[in-house]
Amino acid sequence: MQTAGGAAEKTRVLVIDDSRVMRHAVNRVLNQEFDILEAEDGEAGWEKLVGDQSVQVVISDVQMPRPHSSPAWNVSISGFDPFPF
């Protein structure tokens, strides 16, 4: 993606995890290449995702104290195998 001035715009990534340490670690690894947003639980993550149409990638912990109960959220993670190997 490019901005109006022709500069490359970073892909926006939303990291959702109840562990501040994990959010920080992912941010530290990815922030040079991506624009990182963070949320501490599923509810906050859903609000950020719905409120920011520029988010292109979501990295989420699937077991959190406050997962979001939206049918769209549940469909998006249903059938997801976190250990496909």
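Look up: the structure comes first, before these words.
Note that the coordinates shown come from a computational prediction; the quantities given were computed from them, not determined experimentally.

Caption draft 1: Spatial organisation of the nonpolar core. Ranked by size, the top nonpolar core spans 6 residues in total: Leu14, Ile16, Ala39, Ala44, Val55 and Met64. Those residues within four positions of Val55 in sequence are excluded, and the remaining contacts are Arg12, Leu14, Leu37 and Leu49.

Caption draft 2: Main features of the sheet that holds strand S1 (residues 11–16). Within the open sheet, the 3 strands sit side by side as S2-S1-S3. Their pairing is parallel. Both outer strands of the open sheet, strand S2 (34–39) and strand S3 (55–60), are each paired with one neighbouring strand and no more. With strand direction ignored, the average angle separating the axes of adjacent strands in the sheet is 25 degrees. Docked against the sheet, helix H1 (residues 20–30) engages S1, S2 and S3, running at close to 175 degrees with respect to S2. Seen against the sheet, helix H2 (residues 42–51) touches S1, S2 and S3 and runs at an angle of roughly 160 degrees to S1.

Caption draft 3: Examining the side chain of Asp17 more closely. You can see Asp17 is positioned in the loop between S1 and H1. One buried charged side chain, Asp17, makes no salt bridge at all; its nearest oppositely charged neighbour is Arg23, positioned 5.8 Å away.

Caption draft 4: Layout of the environment of Ala44. The topology assignment puts Ala44 in helix H2. Not counting residues within four places of it along the chain, the set of residues in contact with Ala44 comprises Ala39 and Arg66.

Caption draft 5: Structural detail: the pairing of S2. Pairing analysis gives 6 bridges linking S1 to S2, with the strands arranged parallel. Along S2, the bridge assignment pairs Val13 with Ile36. In this region the chain leaves S1, passes through H1 and returns to the parallel neighbour S2; the handedness of that crossover is right-handed.

Caption draft 6: Expanded view of the pattern of salt bridges. Overall, the coordinates contain 3 salt bridges when judged by the stated rule. The shortest N-O distance in the salt bridge between Asp52 and Arg12 comes to 2.6 Å. Of this pair, Asp52 sits in the loop between H2 and S3 while Arg12 sits in strand S1; the two residues are 40 residues apart in sequence, bridging distant segments of the chain. Where Glu38 meets Arg23, a salt bridge forms, and the shortest distance between an N and an O atom there is 3.4 Å. With Glu38 in strand S2 and Arg23 in helix H1, the pair connects residues that are 15 residues apart, well separated along the chain. A relative accessible area of 26% means that Glu38 is categorised as partly exposed. Of the residues examined, Arg23 reaches a relative accessible area of 11% and is grouped as buried.

Caption draft 7: Representation of the environment of Pro65 in the model. Assignment of secondary structure puts Pro65 in the loop between S3 and helix H3 (71–77). It is 7.5 Å that separates the C-alpha atoms of Pro65 and Asp18, two residues lying 47 residues apart in sequence.

What counts and what doesn't
- Residues numbered from 1 in each chain as written.
- Predicted model: local features only at pLDDT ≥ 70, side-chain atom pairs only at ≥ 80, totals over all residues.
- Heavy atoms only, no water.
- Core = buried A, V, L, I, M, F, W, Y, C linked by side-chain atoms within 4.5 Å.
- Buried < 20%, exposed > 50% of the residue type's maximum accessible area, 1.4 Å probe, protein only.
- Contact = heavy atoms within 4.5 Å.
- Pairing = 2+ DSSP bridges.
- Helix = DSSP H or I, 4+ residues; strand = E, 2+ residues; numbered from the N terminus.
- Axes fitted to C-alpha atoms, helices over the stretch in contact; angles between N-to-C directions.
- Lys, Arg positive; Asp, Glu negative; His and termini not counted.
- Salt bridge = Lys/Arg side-chain N within 4 Å of Asp/Glu carboxyl O.
- Right-handed = clockwise from strand over helix to strand, strands pointing away.

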